Amino acid sequence: MTLVQMPHPRNADTPQDAGPRVWDDMTVEVALSVMAGARVGHLLVCDADGRRTGLITLARLTAVRDGAGYTDRIRLRDIGGVLGGGSGHGTEPPALALAR
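All of these numbers come straight from a predicted model, not from anything done at the bench.

1. Quick word on the side chain of D24
And step 1. By the secondary structure assignment, D24 is in the loop between β2 (21-23) and α1 (28-38).
And step 2. The residues contacting D24, other than those within four sequence positions of it, are V45, C46, D47, R75, L76 and R77.

Structure below.
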């Protein structure tokens, strides 16, 4: 089961804190589906403890999905460039870098 939290707008610190919260072990395909269903352009990424670790945009997810080394096993935590988190801000996920 995929868990998504929707914080109440009054509990959001900034406009970027408003929106669906998802866990970092979610795959890119599931994240894209959540975005489409929620009609949002970004998701707040949280760790296993529910703490916000970053933010991922539709543009970034689409770029990863359209990349030459994409597989359906890439998870949000594997994506570099997740704003406020990720492994190597602004870089490709290791799986994509190895595929080239």
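2. As for the environment of V22
And step 1. Looking at the secondary structure, you find V22 in strand β2.
And step 2. Counting along the chain gives 21 residues from V22 to L43, while the straight-line C-alpha distance between them is 6.8 Å.

3. A word on the nonpolar core
And step 1. One finds V28, L43, I56, L61, L76 and I79 to be the most contacted residues of the largest nonpolar core, which totals 17 residues.
And step 2. Elements represented by at least two residues in this core include exactly α1, β3 (42-46) and α2 (58-65).

4. Structural notes on the pattern of salt bridges
And step 1. Throughout the structure, instances matching the rule amount to 4 salt bridges.
And step 2. R77 serves as the salt-bridge partner of D24, at 3.3 Å between the closest nitrogen and oxygen. Taken as a pair, D24 in the loop between β2 and α1 and R77 in the loop between α2 and α3 (94-99) lie far apart in primary sequence, 53 residues in all.
And step 3. Judged by its relative accessible area of 17%, D24 is buried.

5. Side note on the pairing of β3
And step 1. Judged by how many residues are buried, β3 sits mostly within the fold: 5 of 5 residues are covered.
And step 2. Pairing between β2 and β3: 3 bridges, direction parallel. The residue bridging W23 from the neighbouring strand is C46, located in β3.
And step 3. Two strands pair when backbone bridges link them, and β3 and strand β4 (residues 52-57) are joined in this way by 5 bridges, in the antiparallel orientation. Across the sheet, residue C46 finds its bridge partner in β4, namely R52.

6. Re unusual backbone geometry
And step 1. Its identity is not glycine, yet R39 carries a phi of approximately 55 degrees, on the positive side.
And step 2. Relative to the assigned elements, R39 resides in the loop between α1 and β3.

7. Some details on the environment of D72
And step 1. Along the polypeptide, D72 turns up in the loop between α2 and α3.
And step 2. Taking C-alpha positions, D72 is 7.2 Å from V28, a pair spaced 44 residues apart along the chain.

8. Some remarks on the confidence of the model for the protein
And step 1. This prediction gives the protein a mean pLDDT of 77; 64% of its residues lie at or above 70.
And step 2. Within the protein, no element has a lower average pLDDT than α3, which sits at 40, and none a higher one than α1, at 96.
And step 3. Note on residues 86-100: pLDDT is under 50 here. Beyond four places in sequence and across chains, it has 33 contacts.

9. Side note on the packing of α1 against α2
Relative orientation and spacing of two packed helices are given, respectively, by the angle between their axes and the distance between those axes.
And step 1. With their axes 10 Å apart at the nearest point, α1 and α2 run at an angle of 145 degrees to one another. As α1 runs across α2, the sense of the crossing is left-handed. Residue-level inspection shows V28, E29, A31, L32 and M35 of α1 in contact with α2, the latter providing L58, L61, T62, V64 and R65.
And step 2. Along the lines of polarity and charge, the residues of the contact of α1 with α2 split into 7 nonpolar, 1 polar and 2 charged.

Rules of the game
- Residues numbered from 1 in each chain as written.
- Predicted model: local features only at pLDDT ≥ 70, side-chain atom pairs only at ≥ 80, totals over all residues.
- Heavy atoms only, no water.
- Helix = DSSP H or I, 4+ residues; strand = E, 2+ residues; numbered from the N terminus.
- Contact = heavy atoms within 4.5 Å.
- Core = buried A, V, L, I, M, F, W, Y, C linked by side-chain atoms within 4.5 Å.
- Buried < 20%, exposed > 50% of the residue type's maximum accessible area, 1.4 Å probe, protein only.
- Salt bridge = Lys/Arg side-chain N within 4 Å of Asp/Glu carboxyl O.
- Pairing = 2+ DSSP bridges.
- pLDDT = per-residue confidence, 0-100.
- Axes fitted to C-alpha atoms, helices over the stretch in contact; angles between N-to-C directions.
- Left-handed = near helix turned anticlockwise from the far one by under 90°.
- Nonpolar A, V, L, I, M, F, W, Y, C, P; charged D, E, K, R; others polar.

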